[in-house]
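Listed below, chain by chain, are the residues.
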Amino acid sequence: MKIRVLGCSGGIGGSLRTTSFLVDDDILLDAGTGVGDLSLEQLARIDHIFVSHSHLDHVASIPFLVDTVCWMRGSPIKIYGIKETLDILRAHLFNWKIWPDFTQIPDGEKPFMAYREIRVGEPIQLGSRRFTAIPANHTVPAVGYAIENDRAALIFSGDTSTNDALWKVVNATDNLKYLIIETAFSNKERAIAVASKHLCPRLLAEELEKMRARPEVFITHLKPGEGALTMKEVGEAAGRWRPRMLENNQEFNL
Ligand SMILES: [Zn+2]
Ligand SMILES: [Zn+2]
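Is there a simple way to explain the overall build of the protein chain in this structure?
Summing up its helical and strand segments, the protein chain has eight helices and 14 strands in all. Dimensions of the protein chain, computed from the C-alpha atoms along their principal axes, are close to 55 × 35 × 30 Å. Of all 254 residues assigned to the protein chain, the portion counted as buried reaches 56%. Counted over contacts in the protein chain with a minimum sequence separation of 6, partners at least 24 positions apart contribute 59%. Element-wise, carbon and sulfur atoms account for 52% of the exposed surface of the protein chain, whose accessible area totals about 11000 Å². Across the protein chain, 29 positive and 32 negative side-chain charges occur, with their mean positions spaced 3 Å apart.

Honestly, the coordination of the zinc ion (ligand 2) in this entry has me stumped. Any pointers?
Where a metal carries four tetrahedral donors, each ideal angle is 109.5 degrees; where it carries six octahedral donors, the ideal angles are 90 or 180 degrees. With distances of 2.1 to 2.2 Å, the protein atoms coordinating the zinc ion (ligand 2) are Asp57 (OD), His58 (NE2), Asp159 (OD) and His221 (NE2). Its four donor atoms give the zinc ion (ligand 2) angles of 92 to 165° at the centre, a pattern that matches the irregular case. Between consecutive donor residues of the zinc ion (ligand 2), the sequence gaps follow D-H-x100-D-x61-H. Taken as an interatomic distance, the gap from the zinc ion (ligand 2) to the zinc ion (ligand 1) is 3.5 Å; Asp159 donates to each of them. Of this pair, Asp57 sits in helix H2 (residues 56–59) while His221 sits in the loop between strand E12 (216–220) and helix H8 (227–238), and the two are 164 residues apart along the sequence.

Explain the sheet that holds strand E14 (residues 251–253) here, please?
For sheets, the rule is that strands pair by backbone hydrogen bonds, running either parallel or antiparallel. An order of E6-E5-E4-E3-E2-E1-E14 is seen for the seven strands of this open sheet, with the pairing classed as mixed. One side of each edge strand has no neighbouring strand; the edge strands of this open sheet are strand E6 (113–117) and E14. Sheet twist, expressed as the average angle between the axes of neighbouring strands with direction ignored, equals 25°. Inspection of the sheet shows strand E4 (residues 48–50) paired to strand E5 (residues 77–81) by three bridges, in the parallel sense. Each bridged residue has a counterpart across the sheet, and for His48 the counterpart in E5 is Lys78. Lying on the sheet, helix H3 (residues 61–69) is in contact with strand E3 (27–31), E4, E5 and E6; it crosses E5 at an angle near 160°.

Where do I start with the coordination of the zinc ion (ligand 1) in this structure?
Those protein atoms acting as donors to the zinc ion (ligand 1) are His53 (NE2), His55 (ND1), His138 (NE2) and Asp159 (OD), and they sit at 2.1 to 2.4 Å. Relative to the metal, the four donor atoms surrounding the zinc ion (ligand 1) lie at angles of 89 to 168°, and the coordination shape comes out irregular. Between consecutive donors of the zinc ion (ligand 1), the numbers of intervening residues give the motif H-x1-H-x82-H-x20-D. On the accessibility criterion, Asp159 (2% relative accessible area) is buried.

Is there a simple way to explain a nonpolar patch on the surface in this structure?
A cluster of nonpolar side chains, Leu40, Trp71 and Met72, forms an exposed patch at the surface whose accessible area comes to about 330 Å². When its relative accessible area of 34% is taken as the criterion, Met72 is described as partly exposed.

What is the right way to read the environment of Phe102 from this model?
Position of Phe102 among the secondary structure elements: in the loop between helix H4 (83–92) and E6. Judged by its relative accessible area of 4%, Phe102 is buried. When the C-alpha positions of Phe102 and Pro63 are compared, they lie 8.6 Å apart, and in sequence the two are 39 residues distant. Look past the residues within four positions of Phe102 in its chain and what remains in contact with it is Val66, Asp67, Cys70, Phe94, Pro111, Phe112 and Met113.

Sorry if this is basic, but what is going on with the nonpolar core here?
One broad trend across soluble globular proteins is that nonpolar side chains are buried collectively. Counting 28 residues, the largest nonpolar core has Val170, Leu179, Ile181 and Met211 as the members making the most contacts within it. Mapped by element, the contributors of at least two residues to this core are strand E10 (153–156), helix H5 (164–172), strand E11 (176–182), helix H7 (201–208), E12 and H8. Ranked by the residues each element gives to this core, the list is headed by H7, at four residues. With residues up to four places along the chain from it excluded, the contact list for Met211 reads Trp167, Val170, Asn171, Leu179, Val217 and Trp241. Grouped together as the second largest cluster of nonpolar side chains are 27 residues, Leu29, Ile82, Phe131 and Ile147 included.

Mind showing me how you'd approach the pairing of E5 here?
Strand residues, when the strand is regular, have side chains that alternate between the two faces of the sheet. Counting buried residues along E5, five of its five residues qualify, which places the element largely inside the surrounding structure. Where burial is concerned, the two faces of E5 agree: the one with Ile77, Ile79 and Gly81 and the one with Lys78 and Tyr80 are both buried. Pairing of E5 with E6, which is carried by five bridges, proceeds in the parallel orientation. The partner of Ile79 across the bridge, within E6, is Tyr115. Read from E5 through H4 to E6, the crossover connection turns out right-handed.

Cut-off values and rules
- Residues numbered from 1 in each chain as written.
- Chains lettered and ligands numbered in written order.
- Predicted model: local features only at pLDDT ≥ 70, side-chain atom pairs only at ≥ 80, totals over all residues.
- Heavy atoms only, no water.
- Helix = DSSP H or I, 4+ residues; strand = E, 2+ residues; numbered from the N terminus.
- Buried < 20%, exposed > 50% of the residue type's maximum accessible area, 1.4 Å probe, protein only.
- Contact = heavy atoms within 4.5 Å.
- Areas by Shrake-Rupley, 256 points an atom, 1.4 Å probe, with all protein chains shown as cover.
- Lys, Arg positive; Asp, Glu negative; His and termini not counted.
- Charge placed at Lys NZ, Arg CZ, Asp CG, Glu CD.
- Donors = N, O, S within 2.8 Å, 3.2 Å for Na, K, Ca; no water.
- Tetrahedral: all angles 85-135°; square planar, octahedral: opposite > 155°, others 65-115°.
- Pairing = 2+ DSSP bridges.
- Axes fitted to C-alpha atoms, helices over the stretch in contact; angles between N-to-C directions.
- Patch = residues over 30% accessible without salt bridge, like charges linked within 9 Å, V, L, I, M, F, W, Y side chains within 5 Å.
- Salt bridge = Lys/Arg side-chain N within 4 Å of Asp/Glu carboxyl O.
- Core = buried A, V, L, I, M, F, W, Y, C linked by side-chain atoms within 4.5 Å.
- Right-handed = clockwise from strand over helix to strand, strands pointing away.

Just geometry here; none of it tells us what the structure is for.
Here it is as structure tokens:
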């Protein structure tokens with residue numbers, strides 16, 4: 001299984017894109033602005049989108065994607081999320097006001113888009129690939145994801161603050177090769193990080209103390225303009241885990 005980073009920034013500007021990962025050629029994990037870099041043919045191959053939470057930086061491309069490729073496809077694009085997240089998408093995004101409700105277009109029997117409710121801890125198997133929502137601690141209902149096959153696993157924290165439940169999963173995951181975890185703010189913005197339920201480097205270090213597994217650690221969701229400072233602080237606070245900055249277009253093989 002191949003996982004490619006389409007976006008891993010906390011914002012936009014220049015080459016920065018918000019959170020999205022392409023798994024093989026048919027699955028998205030979150031659908032931030034990075035999805036827009038795919039070609040029309042690549043977009044039309046997306047069958048499944050796993051959503052971590054309803055914030056715009058993680059779902060912004062779903063409306064454009066569905067609208068762009070619906071006429072090229074024979075089956076609905078499936079949107080996976082916990083009930084609370086799907087309810088927010090129904091009420092506040094695909095509500096005919098911000099964007100049409102594509103679960104009713106062209107009709108409810110054979111729609112262009114379909115919601116698939118998932119529960120934390122219950123794996124969804126797609127061929128040899130397994131996706132399991134894992135707990136996150138954010139300002140809206142949110143999850144991270146464990147992505148696995150029979151060989152190895154990658155865990156994506158999603159947007160989260162202090163999160164003991166995440167470490168239970170991390171420490172119990174066999175063959176954990178990669179951990180992608182957010183650090184949205186620098187240390188001087190710790191109060192904002194706490195209020196918005198994100199991490200800063202010192203909080204990240206406190207979190208990593210709970211980790212007994214030894215995956216390669218990658219940092220995501222850096223705030224535009226603060227990436228260098230935040231990564232310097234991550235190195236100072238959490239250097240013993242050798243965290244590296246997640247890069248756009250970076251690829252992971254499981
Ligand atoms: Zn968020
Ligand atoms: Zn976010």
